[in-house]
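# Fold and contact review
Listed below, chain by chain, are the residues.
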Amino acid sequence: MIYLEETYSLALAMPASLDGFVKLSKEKLVPAYTRLGGRLVAAWFSSVERLFQPTQIFEFDDLAAFEAFQTKAVEDSGWKESLAALDELAPKRITRLLEPAAPVFTKNLHAAIAESQATPLKAYNLAILEIIPSVIDMFLEGLQGAAETLPIAASWRPIAGNRYEIIDVWKGSLEQSGYQSQEFYSEMGLTEDWWKGLRA
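Here's a quick rundown of the structure. (Residues numbered from 1 in each chain as written. Predicted model: local features only at pLDDT ≥ 70, side-chain atom pairs only at ≥ 80, totals over all residues. Heavy atoms only, no water.)

### Overview of the overall build of the protein chain
Filter applied, for reference: Here a helix means four or more residues in a row that DSSP labels H or I, a strand means two or more in a row labelled E, and each is numbered from the N terminus. Computation of the radius of gyration draws on C-alpha atoms alone. For the globule rule, the value is 2.2 Å times the number of residues to the power 0.38. Type-normalised accessible area, obtained with a 1.4 Å probe on protein chains alone, sets the label of each residue: buried when under 20%, exposed when over 50%, and partly exposed for intermediate values. Pairs of residues are marked as contacts when any of their non-hydrogen atoms sit within 4.5 Å. Under the convention used here, a 1.4 Å probe and the Shrake-Rupley method define accessible areas, while residue burial counts only the protein chains that appear. His is not counted here, nor are the chain ends, while Lys and Arg score as positive and Asp and Glu score as negative. We put the charge of a Lys on NZ, of an Arg on CZ, of an Asp on CG and of a Glu on CD.
Counting its regular elements, the protein chain contains seven helices and seven strands. Ordered by position from N to C terminus, the α and β elements of the protein chain give β-α-β-β-α-α-β-α-β-α-β-β-α-α. For 200 residues, the compact-globule estimate of 2.2 N^0.38 gives 16 Å, and the protein chain sits close to it at 18 Å. Seen through its C-alpha atoms, the protein chain measures out along the principal axes to roughly 50 × 45 × 35 Å. For the protein chain, the residues scored as buried account for 38% of the 200 residues in total. Of all intrachain contacts in the protein chain linking residues separated by at least 6 positions in sequence, the fraction that spans at least 24 positions is 75%. Per element, the accessible surface of the protein chain, about 11000 Å² overall, is 57% carbon and sulfur. Distance between charge centres in the protein chain, computed from 18 positive and 27 negative side chains, equals 3 Å.

### Digging into the side chain of Glu165
With respect to the secondary-structure elements, Glu165 resides in strand β7 (residues 165–171). Overall, Glu165 belongs to the buried group, its relative accessible area being 12%. Beyond its immediate chain neighbours, meaning those up to four positions away, Glu165 contacts Arg96, Ile128, Leu129, Trp156, Arg157 and Pro158.

### As for the pairing of strand β6 (residues 152–158)
The line we're drawing: Strand pairing requires that DSSP identify at least two bridges connecting the strands.
In terms of burial, β6 is largely enclosed, as seven of its seven residues are buried. Here strand β4 (residues 92–100) pairs with β6 via three bridges, running antiparallel. The residue of β6 that forms the bridge with Leu98 is Pro158. Alignment of β6 against β7, held across four bridges, turns out to be antiparallel. Residue Ser155 lies in a different strand from β7, and its bridge partner there is Asp168. Hairpin connection of β6 to β7: six residues between the antiparallel strands, including Gly161 at a positive phi of 95 degrees.

### Here we look at the sheet that holds β7
In plain terms, the rule: Axis angles are defined between N-to-C directions and span 0 to 180 degrees, where every axis is a line fitted to C-alpha atoms and, for a helix, only to the segment in contact.
Ordered in space as β2-β3-β1-β4-β6-β7-β5, the seven strands form an open sheet in which the pairing is antiparallel. Two strands lie at the open edges of the sheet, namely β2 (39–46) and β5 (124–130), each paired on one side alone. Strand after strand, the sheet turns through a mean of 30 degrees between neighbouring axes, direction not considered. Inspection of the sheet shows strand β1 (residues 2–9) paired to β4 by seven bridges, in the antiparallel sense. Of the residues in β4, the one forming a bridge with Glu5 is Arg96. Along the sheet, helix α4 (residues 104–118) contacts β1, β2, β3 (53–60), β4, β5, β6 and β7; its crossing angle with β6, the most-contacted strand, is approximately 135 degrees.

Taken by themselves, the reported measurements are silent on function.
Here's what the structure looks like:
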């Protein structure tokens, strides 16, 4: 399996924009990916580089399937419509291809998806690790061995670029509130107009 990671920078970094992205993703973007051969396997938002920055990860069987997706997307009117709407909402998109950090993590990911569909966990921890080059092989062996006992839902590494970066998704939370709609923030007095004023 290979994975396409897409991180989006919202034009206006505020909860209402994230609400719009979630709506667009559910109604148009994810169905377009699915129709063209991709499968959404993970999605989250963070406020590390930018506030309310969403990331989605799509799974493909192999590079040939990813290339077929790209070929079909060029001719697909629904895909073009989705991208046009996305460009208005999130004009900057960073993409990269990932692979499982160890073969066992494809199985773990699929098991975690099935578990979440049956009983949503709703909260996960994301860890991005930078491994010292001299110990990367030992680390990956240890990670493979720990996959059966630790609650790691997924673990990826970039196919190109920084080969010493590991992206882990663990089941559970550190008590963060997770995704909240604009309505949640409005109840605290942080209205949509307040966010717009902050960004002006």
